[in-house]
Amino acid sequence: MALAVILLSGASFCSGCRRHKVLLSSLGPLLSNSKLYSSYRRPGAEPEKKLFWQNADFSFRKSIDHLKTQLSLLKKETQDYLKGPGGNPLSQHLLEQTRVLWQFRSQEDLNKWVISSDVEIGGKSKVYIKLGRNNQAALLYGTLNTEVPRDGETKYSGYCSMRSRPEVGSFNRKKYYDWSNFNSLYLRVRGDGRPWMVNIYTDPYFSHQKDDLYSYFMFTRGGPYWEEITIPFSKFFLSSRGRVQDNQHPVWLDKAKFRTLGFTIGDKVDGPFQLEIDFIGLLNDRAHKEKFAYEAYDKN
């Protein structure tokens, strides 16, 4: 009789373990550190199996400090919203002709940007960023290498990029830029004569739009002199995964879409490159009347 009780209790324990495993397998996608859109993983690399809460720090004191920080951010956002658009009075917002978005004078300014290269897919390009001479600009430099990784899947390689970090509001809410009062991007740069792509990243409504971005070319002269470049927003064209789309439309500059700005070099020329950026701003050029530079097709 005692042996029968032991066997029954063992069976119930095993069934409980099986139920526990089934529950973990069903809740795994919810507990994992998954994003809204799956991030790129190098071919042949193992997926991340560690759950997000395994590295979490459940400290009560840190939680209180974090709550205080978020409440102070929320208070500042509320005050700016009541004051006017962008924290400025409405009259000043309507008459605003220029606005400096990013300037590079300290390490804190550099920390607002992220650099990446084809190393993420097994390439050999290298990119670095630091403050320029007298801490008056950001110096983006490195080496471009178009050698394709031997993984059997990647066909093209050789790019480096620099991208601004997305703005985050209180309680990790997404923040969007409102550029509807301007019609051009204004930059002061000094390059080495190589062409760059200026990219505007938006927040998509649907998952199949996660790779959409608006781009336009930026040609640098090279030499010792700075140049001021104006790029109208009407010139930006829509592309997805490196392919220009047939259905074109102007970039939406209101705060419902725009999130980050970036620069990419990928001119298929091996060798060193460098780009100095003094500041990035906006311009309301009233002499520019063009709405959209490309032909728009009607859908049948």
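Before reading further, recall that the structure is shown in the block above.
Keep in mind it's a predicted model, so treat the numbers as computed, not measured.

I'm lost on helix H2 (residues 60-83) in this one. Help?
In an α-helix there are 3.6 residues to a turn, and that puts residues three or four apart on one side. Along its 24 residues, H2 runs 35 Å from first to last C-alpha, staying within 8% of the 34 Å computed at 1.5 Å per residue. Gly 84 sits one or two residues past H2 and shows a positive phi near 155 degrees.

Can you walk me through the sheet that holds strand E7 (residues 195-202) in this structure?
Think of a sheet as strands paired side by side through backbone hydrogen bonds, with each pair either parallel or antiparallel. With respect to topology, seven strands assemble into an open sheet ordered E2-E5-E12-E7-E8-E10-E11, the strand pairing being antiparallel. Each edge of the open sheet carries a strand with a single partner, namely strand E2 (113-117) and strand E11 (243-244). In the sheet, strand E5 (residues 160-164) pairs with strand E12 (residues 258-265) via four bridges, with the strands oriented antiparallel. Each bridged residue has a counterpart across the sheet, and for Met 162 the counterpart in E12 is Phe 263.

Teacher, can you tell me more about the packing of aromatic side chains here?
The description of an aromatic ring pair rests on the distance of the ring centres and on the angle between the ring planes. Tallied over the entire structure, the rule returns 14 aromatic pairs. Judged by centre distance (5.1 Å) and plane angle (65 degrees), the rings of Trp 102 and Trp 113 are edge-to-face. Of this pair, Trp 102 sits in strand E1 (residues 98-103) while Trp 113 sits in strand E2, and the two are 11 residues apart along the sequence. Where Phe 217 meets Phe 237, the ring centres are 5.9 Å apart and the plane angle is 45 degrees; that geometry is what we call tilted. With Phe 217 in strand E8 (residues 212-219) and Phe 237 in strand E10 (residues 237-240), this pair connects stretches of sequence that are 20 residues apart. On the accessibility criterion, Phe 217 (38% relative accessible area) is partly exposed. An aromatic cluster is built from Trp 179, Tyr 216, Phe 217, Phe 219, Phe 233, Phe 236, Phe 237, Phe 292 and Tyr 294, whose rings are joined through pairwise contacts. Here Arg 163 stacks its cationic end above the ring of Tyr 201, 3.6 Å away from the centre of that ring.

Cut-off values and rules
- Residues numbered from 1 in each chain as written.
- Predicted model: local features only at pLDDT ≥ 70, side-chain atom pairs only at ≥ 80, totals over all residues.
- Heavy atoms only, no water.
- Helix = DSSP H or I, 4+ residues; strand = E, 2+ residues; numbered from the N terminus.
- Expected span 1.5 Å × (residues − 1).
- Pairing = 2+ DSSP bridges.
- Phe/Tyr/Trp six-rings, centres within 6.5 Å; stacked < 30°, edge-to-face > 60°.
- Buried < 20%, exposed > 50% of the residue type's maximum accessible area, 1.4 Å probe, protein only.
- Lys NZ or Arg CZ within 6 Å of the ring centre and 35° of its normal.

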